[in-house]
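Per-entry structural report
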Amino acid sequence: LIRIILIEELGLDEDRVTIYNQKFIIPRNAGLFIYIEYRGTPKVISSRNLMVNTIDGANEEQDTNMLEDITVGLYSRNLDALQRKEESVMALHSIYAQQVQEANSFKIFRNIPIIPVNEVEGTARLYRFDLEVKVMSWYNKVKVAQFLDSHSVEVRVNDGQPDLDVKFVIPINDPTVYPQT
């Protein structure tokens with residue numbers, strides 16, 4: 001989704017914004033190129049399970065919120081990366097970006113540091129900048145809750161007294177039934 005936002009807001013061709021790949025060869029032509037890299041292990045912020053009754057039975061809804069680190073790498077052989085790094089940050093906070101975030105249940109944090117990582121590539125200087133983006137994402141899973149029709153337990157106690165038998169059945173539709181002796 002970050003890729004889609006950058007393509008739309010910066011007016012780039014789709015082949016100029018890629019997902020990070022170590023075997024990627026740096027293009028020889030001029031202009032801005034961007035790679036997007038998922039960094040490290042996400043941090044779990046919250047997690048929950050809910051039981052939701054439906055007409056067809058019960059569903060289990062699971063969801064979790066994660067804090068994820070993503071690097072947006074800008075690079076160019078000309079001055080495009082140098083001149084458009086701020087525009088790239090603004091693209092991630094545009095109205096279009098906010099609409100994409102709301103529609104897909106994630107949030108890009110507002111404070112994005114720009115880290116210069118310029119390097120010499122052969123006989124030319126490669127202008128490179130990394131945008132360290134923090135994203136709060138939400139994942140959801142819904143599945144049919146699996147229940148047994150009833151639970152049956154038998155307890156026998158013998159401490160010199162006659163055996164005490166306790167049997168109980170808890171039907172799925174009435175969990176308030178108490179053990180009977």
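Residues numbered from 1 in each chain as written. Predicted model: local features only at pLDDT ≥ 70, side-chain atom pairs only at ≥ 80, totals over all residues. Heavy atoms only, no water.

**Let's talk about the pattern of salt bridges**
Pairing between side chains of opposite charge can happen when the charged atoms of each approach one another. Applying the stated criterion across every chain, the model contains six salt bridges. Its salt-bridge partner being Glu-60, residue Lys-143 comes within 3.8 Å of it at the nearest N-O pair. Of this pair, Lys-143 sits in strand β7 (residues 124-144) while Glu-60 sits in strand β3 (residues 57-76), and the two are 83 residues apart along the sequence. According to the relative accessible area criterion, Lys-143 is partly exposed, its value standing at 35%. (Salt bridge = Lys/Arg side-chain N within 4 Å of Asp/Glu carboxyl O. Helix = DSSP H or I, 4+ residues; strand = E, 2+ residues; numbered from the N terminus. Buried < 20%, exposed > 50% of the residue type's maximum accessible area, 1.4 Å probe, protein only.)

**Some thoughts on the packing of helix α1 (residues 2-10) against helix α3 (residues 95-103)**
As a packed pair, α1 and α3 sit with axes 10 Å apart at the nearest point and diverge in direction by 155°. Taken together, the axis directions place α1 and α3 in an arrangement best described as roughly antiparallel. Relative to α3, the crossing made by α1 is right-handed. Between α1 and α3, the residues in contact are Ile-4, Ile-5, Glu-8 and Glu-9 and Tyr-96, Ala-97 and Val-100, respectively. The residue makeup of the contact of α1 with α3, split by class, is five nonpolar, no polar and two charged. (Axes fitted to C-alpha atoms, helices over the stretch in contact; angles between N-to-C directions. Parallel < 35°, antiparallel > 145°, perpendicular 65-115°, else oblique. Left-handed = near helix turned anticlockwise from the far one by under 90°. Contact = heavy atoms within 4.5 Å. Nonpolar A, V, L, I, M, F, W, Y, C, P; charged D, E, K, R; others polar.)

**Digging into the environment of Met-66**
With respect to the helices and strands, the residue Met-66 is situated in strand β3. Residue Met-66 is classed as buried on the basis of its relative accessible area, which comes to 13%. The spatial distance from the C-alpha of Met-66 to the C-alpha of Pro-42 is 6.1 Å, given a sequence separation of 24 residues. With near-sequence residues (within four places) excluded, Met-66 lies in contact with Pro-42, Lys-43, Val-44, Ile-45, Val-135, Met-136, Ser-137 and Tyr-139.

**A word on the layout of surface pockets**
Each pocket or cavity is described by its volume, and for the largest pocket that value is around 310 Å³. Every residue lining the largest pocket is counted, 16 residues in all, and those nearest its centre are Leu-1, Ile-2, Glu-68, Ile-70 and Phe-106. Where the lining of the largest pocket is concerned, the elements lending two or more residues are α1, β2 (33-54), β3 and β7. The element contributing the most residues to the lining of the largest pocket is β7, with four residues. Partitioned by chemical class, the residues of the lining of the largest pocket number 10 nonpolar, three polar and three charged. In this structure, the second largest pocket encloses a volume near 190 Å³. Taken together, Thr-18, Ile-19, Tyr-20, Asn-21, Gln-22, Phe-24, Ile-26, Tyr-35, Tyr-75, Glu-119 and Arg-128 form the lining of the second largest pocket. Taken together, the residues that form the lining of the second largest pocket break down as six nonpolar, three polar and two charged. (1 Å grid on protein atoms, 1.4 Å probe; cavity = no way out; pocket = protein on both sides within 12 Å on 5 of 7 lines; lining within 4 Å. Points joined across faces, edges and corners; volume = space filled by probe spheres on them.)

**Some remarks on unusual backbone geometry**
Residues other than glycine seldom take positive phi values, yet Ser-105 does so here, at roughly 55°. As for its position among the elements, Ser-105 is in the loop between α3 and β4 (106-108).

**Describing the nonpolar core**
Counting residues in each nonpolar core, the largest one holds 27 residues, and the members touching the most others are Ile-2, Leu-6, Ile-34 and Ile-108. With sequence-adjacent residues up to four places away left out, Ile-2 is seen in contact with Ile-36, Ile-70, Val-72, Leu-92, Ile-108 and Val-135. (Core = buried A, V, L, I, M, F, W, Y, C linked by side-chain atoms within 4.5 Å.)

**Considerations on the environment of Arg-39**
Within the secondary structure, Arg-39 sits in strand β2. Residues Arg-39 and Val-133 lie 94 residues apart in sequence; the distance between their C-alpha atoms is 9.8 Å. Ignoring anything within four residues of it in the chain, the contact list for Arg-39 reads Asp-69, Ile-70 and Thr-71. Within the structure, the side chain of Arg-39 is placed 3.4 Å from the side chain of Glu-37, a separation counted as a polar contact. (Polar contact = N/O pair within 3.5 Å; in protein donor to acceptor, adjacent residues only side chain to side chain.)

**Re the confidence of the model for the protein chain**
Predicted confidence across the protein chain gives a mean pLDDT of 82, with 78% of residues reaching 70 or more. Per-residue pLDDT stays below 50 along residues 177-181; that stretch engages in 10 contacts with residues further than four places along the chain or on separate chains. (pLDDT = per-residue confidence, 0-100.)

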